[in-house]
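# Commentary on secondary and tertiary structure
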Amino acid sequence: QKEVEQNSGPLSVPEGAIASLNCTYSDRGSQSFFWYRQYSGKSPELIMFIYSNGDKEDGRFTAQLNKASQYVSLLIRDSQPSDSATYLCAVNEETDSWGKLQFGAGTQVVVTP
Amino acid sequence: GAVVSQHPSRVICKSGTSVKIECRSLDFQATTMFWYRQFPKQSLMLMATSNEGSKATYEQGVEKDKFLINHASLTLSTLTVTSAHPEDSSFYICSAPELLNPTEAFFGQGTRLTVV
């Protein structure tokens with residue numbers, strides 16, 4: 001069974017510090033990888049996507065992908081209280097079904113002032 | 001980014017009744033839409049893939065006769081929960097990749113269903 005694994009947390013991060021979130025996936029054929037943020041009772045919102053090995057930066061967020069290790073991570077720099085949410089790692093399993101995502105259980109992040 | 005509108009955002013229904021949830025892509029066309037379900041403190045689980053003009057594809061363990069999906073146009077998919085029971089109470093979310101640029105799926109606002 002294909003799986004996407006995340007630590008559930010909660011991950012407590014002081015305001016201004018770096019939050020580091022990890023995700024592993026079992027399907028070696030996975031092609032694209034997404035990080036979503038979800039506030040309680042709300043729908044997920046896309047933070048970043050990454051397709052190629054290496055780092056991808058967007059503002060305070062950096063995604064890192066290592067396909068050989070089947071590992072994707074998200075760094076949040078200068079963490080703010082508004083970053084407190086659940087972060088979902090998602091994997092697109094099939095190149096011919098764009099948008100079909102398998103989600104990890106999510107990591108709850110709590111940024112403390 | 002593109003907008004996916006989902007209605008209603010919240011619904012309460014009695015056991016045994018049916019509830020219809022709509023998912024619309026407002027400014028793009030989508031031949032495929034996806035329906036997810038999320039129980040409290042759990043992640044999103046894909047229920048089915050909605051295909052415009054053809055039958056939906058259901059994930060293992062999802063009852064197709066209970067969760068009816070209709071994708072009648074390139075901008076609208078509906079999920080009907082038939083003969084709802086309290087255990088169907090959940091957060092239902094749709095998503096749709098844009099037909100011309102399918103690398104990202106856009107999510108609807110979600111529907112909180114409570115069956116009493």
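Let me sum up the structure you'll find in this document. Note that the coordinates shown come from a computational prediction; the quantities given were computed from them, not determined experimentally.

### What about the overall build of chain A?
When its secondary structure is counted, chain A shows zero helices and eleven strands. In sequence order, chain A lays out its α and β elements as β-β-β-β-β-β-β-β-β-β-β. Scaling as 2.2 N^0.38, a compact globule of 113 residues should have a C-alpha radius of gyration of about 13 Å, and chain A matches this with 13 Å. Here the C-alpha coordinates of chain A stretch approximately 45 × 30 × 20 Å along the principal axes. Counting every position in chain A, which comprises 113 residues, the buried fraction comes to 44%.

### Details of the interface of chain A and chain B
Every contact between the two is made by 18 residues of chain A and, on the other side, 21 residues of chain B. Overall, the association of chain A and chain B removes approximately 1,400 Å² of surface from exposure, summing both partners, and the carbon and sulfur fraction of that is 59%. Here chain A and chain B share one salt bridge between them. In this structure, Glu 59 of chain B engages Lys 100 of chain A in a salt bridge whose closest nitrogen and oxygen atoms are separated by 3.6 Å. Linking chain A to chain B there are four residue pairs in polar contact (both at pLDDT 80 or more). Broken down by secondary-structure element, the contributors of at least two residues to the side of chain A that touches chain B are strand E4 (32-38), strand E5 (45-50) and strand E10 (101-103) of chain A. No other element matches the three residues that E4 of chain A contributes to the side of chain A that touches chain B. Residues that form the side of chain A that touches chain B fall into these classes: eleven nonpolar, five polar and two charged.

### A few points about the packing of aromatic side chains
As enumerated under the stated definition, the model contains eleven aromatic pairs over all chains in all. Measuring from centroid to centroid gives 5.7 Å for Tyr 36 of chain A and Phe 103 of chain A, while their planes differ by 50°, and the two rings are tilted. With a gap of 67 residues between them, Tyr 36 of chain A in strand E4 and Phe 103 of chain A in strand E10 connect regions that are remote in the sequence. Comparing Tyr 36 of chain A with Phe 103 of chain A shows no difference in burial state: the two are buried. Here the aromatic rings of Phe 67 of chain B and Tyr 92 of chain B are separated by 6.4 Å at their centres, their planes lie at 40°, and the arrangement is tilted. With Phe 67 of chain B in strand E7 (residues 67-73) and Tyr 92 of chain B in strand E9 (residues 90-97), this pair connects stretches of sequence that are 25 residues apart. Tyr 92 of chain B shares its class with Phe 67 of chain B; the two are buried. Members of the aromatic cluster, joined through ring pairs, are Phe 34, Tyr 36, Phe 49, Tyr 51 and Phe 103 of chain A together with Tyr 36 and Phe 107 of chain B.

Calculation notes
- Residues numbered from 1 in each chain as written.
- Chains lettered and ligands numbered in written order.
- Predicted model: local features only at pLDDT ≥ 70, side-chain atom pairs only at ≥ 80, totals over all residues.
- Heavy atoms only, no water.
- Helix = DSSP H or I, 4+ residues; strand = E, 2+ residues; numbered from the N terminus.
- Rg over C-alpha atoms; globule rule 2.2 N^0.38 Å.
- Buried < 20%, exposed > 50% of the residue type's maximum accessible area, 1.4 Å probe, protein only.
- Contact = heavy atoms within 4.5 Å.
- Buried area = accessible area lost by both parts, 1.4 Å probe.
- Salt bridge = Lys/Arg side-chain N within 4 Å of Asp/Glu carboxyl O.
- Polar contact = N/O pair within 3.5 Å; in protein donor to acceptor, adjacent residues only side chain to side chain.
- Nonpolar A, V, L, I, M, F, W, Y, C, P; charged D, E, K, R; others polar.
- Phe/Tyr/Trp six-rings, centres within 6.5 Å; stacked < 30°, edge-to-face > 60°.

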